Amino acid sequence: MLVIGEVHTGLLQDSGEISESTCRRVLGLMAGETVRVSRRPILHALSPERLTGVDCALPTASRSRIRGVGTVVSRCAVTGGRVAQGSSYARVVRSEADRRLPWSHYLARPGVVEVLGKAKAADLAEGFTGDPAPGCLDLGAVSGRFLDLVQASPLLDRRAPFKIPRTTLRWVAETGEPSIRFTLHTEQERTLRLTHPGPFTSAVVDLCEDLATHDWLLTSLLVIVERARIGATPEAQGVARLAPAIDHLLHLWMPAARVEEWLTPFWDSLERRPGFTRQWHSLVDRVRDQIAMNTLALLSATAEAGRR
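About the thresholds
Throughout, a residue's number is its position along its own chain's written sequence, starting from 1. Predicted model: local features are reported for residues with pLDDT of at least 70 only, side-chain atom pairs are reported and counted for 80 or more only, and whole-chain, interface and lining totals are derived from all residues. For side-chain calculations, the full set of non-hydrogen atoms in the structure is used, while hydrogens and water are omitted. We count a stretch as a helix when DSSP gives it H or I for four or more residues in a row; a strand needs E for two or more, and each element gets its number in order from the N terminus. Any helix carries an expected span of 1.5 Å times its number of residues minus one. The bend reported for a residue corresponds to the angle between axes fitted to the seven residues ending at that residue and the seven starting there. In this scheme, a residue with accessible area under 20% of its type's maximum is buried, one over 50% is exposed, and one in between is partly exposed, where area comes from a 1.4 Å probe on protein chains only. Lines fitted to C-alpha atoms define the axes here, with helix axes fitted over just the stretch in contact, and angles between the N-to-C directions of these axes take values from 0 to 180 degrees. In this scheme, roughly parallel covers angles under 35 degrees and roughly antiparallel covers those over 145, while 65 to 115 is roughly perpendicular and the rest are oblique. The sense of a crossing depends on the near helix, which, turned anticlockwise from the far helix by less than a right angle, makes the crossing left-handed and, turned clockwise, makes it right-handed. Residue contacts follow a heavy-atom distance rule, with two residues in contact if any of their heavy atoms lie within 4.5 Å. All amino acids are sorted into three groups, where Ala, Val, Leu, Ile, Met, Phe, Trp, Tyr, Cys and Pro are nonpolar, Asp, Glu, Lys and Arg are charged, and the leftover types, Gly among them, are polar. Only a pair of cysteine sulfur atoms within 2.5 Å qualifies as a disulfide here.

> Just to check I follow, could you spell out helix α6 (residues 235-248) for this structure?
Structural remark: α-helix, 3.6 residues per turn; residues separated by three or four positions point the same way. Taking 1.5 Å per residue as the helical rise, α6 with its 14 residues ought to reach 20 Å, and the 21 Å between its terminal C-alpha atoms agrees with that figure. In α6, a bend of some 35° at Leu242 exceeds every other bend along the element, and Pro244, a proline, comes one to four places later. Those residues of α6 lying buried are Gly238, Val239, Leu242, Pro244, Ala245 and His248.

Structure, rendered in structure tokens:
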């Protein structure tokens with residue numbers, strides 16, 4: 001089994017948290033299809049899936065010219081009325097015919113890209129999570145275009161309370177002994193290699209999207225804290241710069257809340273190293289300490305003024 005995917009995550013382009021009904025309308029991109037919504041433990045809305053036909057070279061570490069034909073599954077999600085994601089994935093399999101077939105064959109196998117010719121799964125996995133050559137299958141373009149479509153909804157006022165770049169997570173899932181490897185490449189780019197013994201299900205996609213959500217939350221909080229320049233600016237000014245985190249981010253941290261139980265050990269592994277929640281709590285404590293210090297300073301100043 002080899003499944004490849006890419007998730008783009010960003011701040012929903014609206015001034016505030018949107019309601020469940022608005023989530024349904026924003027994600028209702030196809031007539032007659034249902035937007036799936038869960039309310040516990042946090043509002044999560046998932047769009048209907050879309051198929052994109054592809055016929056192109058596949059990325060390989062060896063730079064071998066490998067052709068893939070089939071369809072990519074894409075979907076978009078909104079979490080907590082604030083975080084938007086565009087996600088695409090496909091199972092990569094060997095073509096039994098080893099030649100190009102009519103599109104009706106590929107449409108009957110949604111989310112499957114067939115490899116024409118000989119290719120090794122390891123070569124494809126390394127190529128996809130490495131530095132794909134130009135002209136190869138670009139799941140990021142598909143995910144980004146789908147997310148752009150949602151962000152352009154006329155139901156959004158496009159007055160986001162702060163500016164934070166999107167993050168991208170390219171992931172590969174393979175069959176084998178359980179393991180997970182999460183790698184930061186740049187401020188916005190990450191990769192994930194996941195190996196598990198069971199068959200592929202959409203629960204694996206849920207895990208990758210959940211990880212992408214919390215990685216974006218952690219990255220965004222880091223950026224906001226850095227912009228506050230704590231200790232280098234007046235306390236009131238620093239607290240004002242931290243306000244977006246308090247208003248829009250801190251309540252969204254719920255790792256693995258929507259991940260199936262058999263996949264939670266992978267999240268547990270990431271909690272040990274690199275330690276997502278440990279770093280999150282450290283930053284949250286720092287934000288709250290600044291709020292508390294500023295509040296004490298204001299109370300002290302008020303009391304001093306009252307004694308005069």
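> I keep staring at the packing of helix α5 (residues 202-228) against helix α7 (residues 264-272) and nothing clicks. Help me out?
A packed helix pair is summarised by two numbers, namely the angle formed by the two axes and the spacing between the axes. Two numbers describe how α5 lies on α7: the axes approach to 11 Å, and their chain directions differ by 30°. As summarised for this structure, α5 and α7 are arranged roughly parallel, according to the angle between their axes. The way α5 lies across α7 gives a crossing that is right-handed. Contacts between α5 and α7 pair Leu207, Asp210, Leu211 and His214 from the former with Phe266, Trp267 and Leu270 from the latter. Residues of the contact of α5 with α7, tallied by class, amount to five nonpolar, one polar and one charged.

> What should I look at first to understand the state of the cysteines in this one?
Covalent bonding between the sulfur atoms of two cysteines is what defines a disulfide. Here the structure, examined in full by the defined rule, presents zero disulfides. Of all cysteine sulfurs in the structure, the one in Cys23 sits closest to Cys76, which takes part in no disulfide; the separation is 10 Å. A disulfide-free cysteine, Cys136 has its sulfur positioned 7.4 Å from the sulfur of Cys56, the nearest such atom. Exposure remark for Cys136: the relative accessible area of 16% places this residue in the buried category.

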